[in-house]
Amino acid sequence: SFSERKAIADAIMYYSTIAGFDPLLIFSMVAVESSFDPNAISPKGAKGLMQLTDDTAKEVGVSDHFDPEESIRGGVSYLSIL
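1. Comments concerning helix α1 (residues 2–19)
Consideration 1: A rise of 1.5 Å per residue sets the reference length of α1, with its 18 residues, at 26 Å; its end C-alpha atoms lie 26 Å apart and thus fit the reference within 8%.
Consideration 2: Burial in α1 covers these residues: Ile 8, Ala 11, Ile 12, Tyr 15 and Ser 16. Along the axis of α1, the buried residues cluster in a sector spanning 110 degrees; they form a single face. Seen from the buried face of α1, the exposed residues on the opposite side, beyond 90 degrees, are Phe 2, Ser 3, Thr 17 and Ile 18.

Structure, rendered in structure tokens:
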């Protein structure tokens, strides 16, 4: 729905900006990793918009892979670590 897409876009803008990343980088990552499907699961078990593994999610404090805001926050946080 429009409101879900807007919430995803808002979270990408917010978390990328506070982490100092170009929002287009994070939009591109989400497009490639999950095609903007918050319920995506890879064949290797990575989950959510940013396709975090269980270990990575735990490392960045994500408890719900499928919560779009948590996934984006965690994915941006992990990218900052890298």
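2. Re the pattern of salt bridges
Consideration 1: Scanning all chains against the criterion turns up two salt bridges.
Consideration 2: Of the charged contacts, one joins Lys 6 and Asp 10 as a salt bridge, the two residues approaching to 2.8 Å between their closest N and O atoms. Taken together, the residues span about one helical turn, with Lys 6 and Asp 10 both in helix α1 at a distance of four residues.
Consideration 3: Owing to a relative accessible area of 41%, Lys 6 belongs among the partly exposed residues under this scheme.
Consideration 4: Given the relative accessible area of 40%, Asp 10 is considered partly exposed.

3. A word on the environment of Ile 18
Consideration 1: Examined against the element boundaries, Ile 18 turns out to sit in helix α1.
Consideration 2: A relative accessible area of 57% means that Ile 18 is categorised as exposed.
Consideration 3: Considering only alpha carbons, one finds Ile 18 and Asp 64, 46 residues apart in sequence, at a separation of 21 Å.

Basis of the calculations
- Numbers given to residues run from 1 along each chain, matching the order in which its sequence is written.
- Thresholds applied to this predicted model are a pLDDT of at least 70 for local features of residues and 80 or more for the giving and counting of side-chain atom pairs; totals over whole chains, interfaces and linings are not thresholded and use all residues.
- Only hydrogens and water are set aside; all other atoms, that is, all heavy atoms of the structure, feed into the side-chain values.
- Secondary structure elements are taken from DSSP: a helix is a run of H or I of four residues or more, a strand is a run of E of two residues or more, and numbering for both begins at the N terminus.
- One fewer than the residue count of a helix, multiplied by 1.5 Å, yields its expected span.
- Buried, partly exposed and exposed residues are distinguished by accessible area as a fraction of the type maximum, computed with a 1.4 Å probe on protein chains only: under 20%, between the cut-offs, and over 50%, respectively.
- Each C-beta atom gives one direction from the helix axis, and the arc is the one those directions make.
- Any Lys or Arg side-chain nitrogen found within 4 Å of a carboxyl oxygen on Asp or Glu counts as a salt bridge.

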